[in-house]
Number of protein chains: 2
Amino acid sequence: MSEPFTPIREIGEFGLIDRLQAILGEPTDPDLIMGIGDDAAVYRLPDQETVHVITSDALLEGVHFDRLITPLEYLGYKAIAVNVSDVAAMNAEPRYATITLGLPSKISVEMAEALYRGIRRACEKYGLVLVGGDTTAAHTLCISVTVVGEARIDEIVFRRGARPGDLLCVTGDLGAAYAGLKVLLEERKALKAEGLNYKPDLEPFRYVIQRQLLPEARLDVIRDWRQRGLRPRAMIDISDGLASEVHHLCRHSGCGALVHAAAIPVALETRDVADRFSEDVDTYALFGGEDYELLFALPPDQLERLDPLSFNVIGEFLPAEQGIQVQTPEGALIPLEPAGYQHFRSGGDGEADLLE
Amino acid sequence: MSEPFTPIREIGEFGLIDRLQAILGEPTDPDLIMGIGDDAAVYRLPDQETVHVITSDALLEGVHFDRLITPLEYLGYKAIAVNVSDVAAMNAEPRYATITLGLPSKISVEMAEALYRGIRRACEKYGLVLVGGDTTAAHTLCISVTVVGEARIDEIVFRRGARPGDLLCVTGDLGAAYAGLKVLLEERKALKAEGLNYKPDLEPFRYVIQRQLLPEARLDVIRDWRQRGLRPRAMIDISDGLASEVHHLCRHSGCGALVHAAAIPVALETRDVADRFSEDVDTYALFGGEDYELLFALPPDQLERLDPLSFNVIGEFLPAEQGIQVQTPEGALIPLEPAGYQHFRSGGDGEADLLE
């Protein structure tokens, strides 16, 4: 073959996105407020006061989930929730969803129904409607969801907008979804080794497993803020891990940041899992992905207007030249690497890992 | 396993969709004009005069295409075009697209760029903007596209709305995409047998191959109609084959229909391919899919307002009790079976065929 062959892993996911975006060029649509480059795209509606946001995310078997350890009802719920999370990160309300579903022959009608029960549950929980899609045969189970959300134009929050001096804040606790993944991967190993004789006791891990299999979009938080008349200056949802998302906020806002590792909220159950694997729980919290909490920038004078139970201050934005650093619990200042989350690693042919 | 396992092939794609829709229940969104059940969903925007339509369609390797005979630039174009076709079938203009792309490691950066060149070309051609999406690793190449379109609320055309006495009309010519598929599958066989020594002469098949690999959404037709102040009473795009789409229009409109096989427009190139394979070209025209022409219902008094070169009258709508029939070129009246298009059949493990 005479054509050059650059493996995608050589330039990484973000390098690839840059190259593909260069091919598309600059969009010229007069109503498009934000195209590629935030949690969701934003376009103005004809009344000029309302915008819609749109986002799409896929969950692929062997890449994002393993059927052996993923109940299909949970999977349906998660497919909606991860997209709603992107809508929440724009400070918008989800309205409509479409789904394309690739079903291999090993999926029965009853299994597809279980998947849809999860989808229905998520749609009811978050207040959106599944309005269409495409169902087709496939070699492996694949689910791609698009969600359209709505907001007043002045409510939208982008990744850009943080300023030096703003507080770096996060909802909920971090690292739990990754801890859940660790437990589930160990369970999978035991299941494969011992088969049906294996009697797992997952009760001690209920919280972290739920965070992995059944994540929640933090719509509750942005709805509370809206009632309080509050709007963060910049926001992103934590899908790839805190470190990676801090870098996104800083790059888009033209800021640096300091993260205090000791201030990152971590659940007791997450610590227990890290201990069990003799691993550092700070690594889970900084680099573990799929927590779907919200990371946001808040001017200090707005601090007292928030419900103090709903978030934690974990650092501050700084001038760009000060870089992006983390202060370890021991007090050392080290650069925060933008290492992203490693998606579920397939036991298959390994192809699935290359973009991660 | 104690749970019942009903293979999806037992109830078919439409049977499955019915069961899944039953789980979702009736949507209650006050702005939703059309949910699942047409070429695209339709929702009212806050100005109350404009609607958006939304549709999603996936193209999966080994199910909808074979990499060996599908240039990636064409594939990118087609992924957009098939979704724009659904938007056109609602009589709306495409505005925004999102894409989720699953890339196996055998796809290089340069190949992904070729795919995106096709996407850009389709976006330019049809006047929409790719605004976002998700790029991830995958075991096989998979592309899911969502397109949002726009129309004035009184412009929208549904599948319902045809009345007995309306003319059954179609744009372009039919069966060509299926003829193209036949030729390409034969080429694939030769390629596999003879390898790089194989020197194909595809020039005689240029038209039908292009119709298969590089289909066009008939936006040109609906734009022309809009200028003439014309609106069909019911419409659908022909993705699964004429017979199947006639059934959809009739079911949604509560009508029967009579199709005159001799009136179905078929290109000379399509006839040549059918002759080459000693097959009946009427079968191509009635049951071959992926032509992406528009099938629509027109009151007879509107006939003279259409550009006569842009469409053909191929039958008429009848009262429901008269059923759905086709008159063969020899004059016999036989029931028109709703047999759908068989998607590209994988040479793989056969899983991919089960939904079709």
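Note that the structure is a prediction, hence the values are computed from the model and not measured.

1. Description of the domain arrangement of chain A
Residues and elements named next belong to chain A.
- Looking at the assigned domains, one finds that chain A contains domain 1 (8-156) and domain 2 (167-335).
- Contact with domain 1, which involves 18 residues of that partner, is made by 19 residues of domain 2.
- Among the elements that line the side of domain 1 that touches domain 2, the one with the most residues is helix α2 (residues 72-89), at 10 residues.
- Here the residues of the side of domain 1 that touches domain 2 sort into 10 nonpolar, 3 polar and 5 charged.

2. Side note on the packing of helix α4 (residues 176-194) of chain A against helix α8 (residues 268-276) of chain A
All names here are of chain A.
- Put simply, α4 and α8 touch, their axes get as near as 9 Å, and they point 45 degrees apart. By the criterion of interaxial angle, the relationship of α4 to α8 is oblique. Like other packed secondary-structure pairs, α4 and α8 cross with a definite hand, here left-handed. In this structure, α4 contributes Ala 176, Ala 179, Lys 182 and Val 183 to the contact, and α8 contributes Glu 269, Thr 270, Val 273 and Ala 274.
- For the contact of α4 with α8, the residue count by class is 5 nonpolar, 1 polar and 2 charged.

3. Re the relation of the copies chain A and chain B
- In the superposition of chain A on chain B (RMSD 0.0 Å, axial shift 0.0 Å), the rotation amounts to 180 degrees. The relationship between the two copies is best expressed as a two-fold rotation axis. Looking at the rotation axis and the C-alpha trace of chain A, the residue lying nearest is A:Asp47, at 2.6 Å.
- Taken as a fraction of all interface residues of chain A, those also at the interface in chain B reach 99%, which identifies the copy contact as same-surface.

4. Brief notes about the pairing of strand β3 (residues 50-60) of chain A
Residue and element names in this part refer to chain A.
- With respect to burial, β3 is a largely interior element, 10 of its 11 residues being buried.
- Taken together, the 4 bridges between strand β2 (residues 41-44) and β3 define a ladder with antiparallel strand orientation. In the strand pairing of β3, Val 42 is matched with Val 53.
- In this antiparallel pair of consecutive strands, β2 and β3, the connection spans 5 residues, and Gln 48 shows a positive phi of 70 degrees.
- For β3 and strand β6 (residues 142-152), the ladder comprises 11 bridges, and the chain directions are antiparallel. Across the sheet, residue His 52 finds its bridge partner in β6, namely Glu 150.

5. Considerations on α2(A)
Residues and elements named next belong to chain A.
- Between its first and last C-alpha, α2 extends 26 Å over 18 residues, near the 26 Å set by a 1.5 Å rise per residue.
- Buried residues dominate α2, accounting for 18 of its 18 residues.
- Looking one or two residues past α2, Asn 91 carries a phi angle of roughly 65 degrees, positive in sign.

6. Brief notes about unusual backbone geometry
- The backbone phi angle of A:Glu290 is positive, close to 70 degrees, even though this residue is not glycine.
- Looking at the element boundaries, A:Glu290 is found in the loop between α9 (281-287) and β10 (294-298).

7. Digging into the sheet that holds strand β4 (residues 93-103) of chain A
Residues and elements named next belong to chain A.
- One open sheet accounts for 6 strands, arranged β1-β2-β3-β6-β4-β5; its pairing is mixed. Each edge of the open sheet carries a strand with a single partner, namely β1 (32-34) and β5 (129-137). Across this sheet, the average inter-strand angle for adjacent strands is 20 degrees, counted without regard to direction.
- Against the sheet, α2 contacts β3, β4 and β6, and its axis sits at roughly 140 degrees relative to β3.

8. Section: the packing of helix α4 (residues 176-194) of chain B against helix α5 (residues 206-213) of chain B
Residues and elements named next belong to chain B.
- Their axes nearest at 7 Å, the elements α4 and α5 cross at an angle of 100 degrees. The angle between α4 and α5 falls in the class roughly perpendicular. Contact with α4, carried on its side by Ala 176, Ala 177, Ala 179, Gly 180, Leu 181, Val 183 and Leu 184, involves Tyr 207, Val 208, Ile 209, Arg 211, Gln 212 and Leu 213 of α5 and no other residues of that element.
- For the contact of α4 with α5, the class distribution of residues is 10 nonpolar, 2 polar and 1 charged.

9. Description of the interface of chain A and chain B
- Chain A puts 74 residues into the contact, and the matching count from chain B is 73 residues.
- Mapped by element, the contributors of at least two residues to the side of chain A that touches chain B are α1 (8-24), β2, β3, β4, α3 (109-126), β5 and β6 of chain A.

10. Quick word on the pairing of strand β9 (residues 255-260) of chain A
Residues and elements named next belong to chain A.
- Burial of the side chains of β9 is restricted to one face: Cys 255, Ala 257 and Val 259 are buried, whereas none of Gly 256, Leu 258 and His 260 on the reverse face is.
- As defined by bridge partners, β9 adjoins strand β11 (residues 312-319) across 5 bridges and the pair is classed as antiparallel. By the bridge assignment for β11, Val 259 is matched with Gly 315.
- Two strands pair when backbone bridges link them, and β9 and strand β12 (residues 324-327) are joined in this way by 4 bridges, in the parallel orientation. Looking at the pairing, Leu 258 lines up with Gln 325 of β12.

11. Considering the sheet that holds strand β8 (residues 234-237) of chain A
Residues and elements named next belong to chain A.
- Strand order in the open sheet formed by 7 strands is β8-β10-β7-β11-β9-β12-β13, and the pairing between neighbours is mixed. At either end of the open sheet lies a strand with only one pairing partner, and these are β8 and β13 (333-335). For this sheet, the mean inter-axis angle between neighbouring strands, taken without regard to orientation, is 25 degrees.
- Alignment of strand β7 (residues 167-170) against β10, held across 4 bridges, turns out to be antiparallel. Bridge pairing in β10 places Leu 167 opposite Leu 298.
- Where α2 meets the sheet, it contacts β8 and β10, and its direction lies at approximately 175 degrees from that of β8.
- Those strands touched by helix α7 (residues 242-253) are β8, β9, β10 and β12, and its axis lies near 150 degrees from that of β9.

Calculation rules
- Residues numbered from 1 in each chain as written.
- Chains lettered and ligands numbered in written order.
- Predicted model: local features only at pLDDT ≥ 70, side-chain atom pairs only at ≥ 80, totals over all residues.
- Domains from an automatic or database assignment.
- Contact = placed C-beta atoms within 7 Å.
- Helix = DSSP H or I, 4+ residues; strand = E, 2+ residues; numbered from the N terminus.
- Nonpolar A, V, L, I, M, F, W, Y, C, P; charged D, E, K, R; others polar.
- Axes fitted to C-alpha atoms, helices over the stretch in contact; angles between N-to-C directions.
- Parallel < 35°, antiparallel > 145°, perpendicular 65-115°, else oblique.
- Left-handed = near helix turned anticlockwise from the far one by under 90°.
- Least-squares fit on C-alpha atoms with pLDDT ≥ 70 in both.
- Buried ≥ 20, exposed ≤ 12 C-beta atoms within 10 Å, placed from the backbone.
- Pairing = 2+ DSSP bridges.
- Expected span 1.5 Å × (residues − 1).

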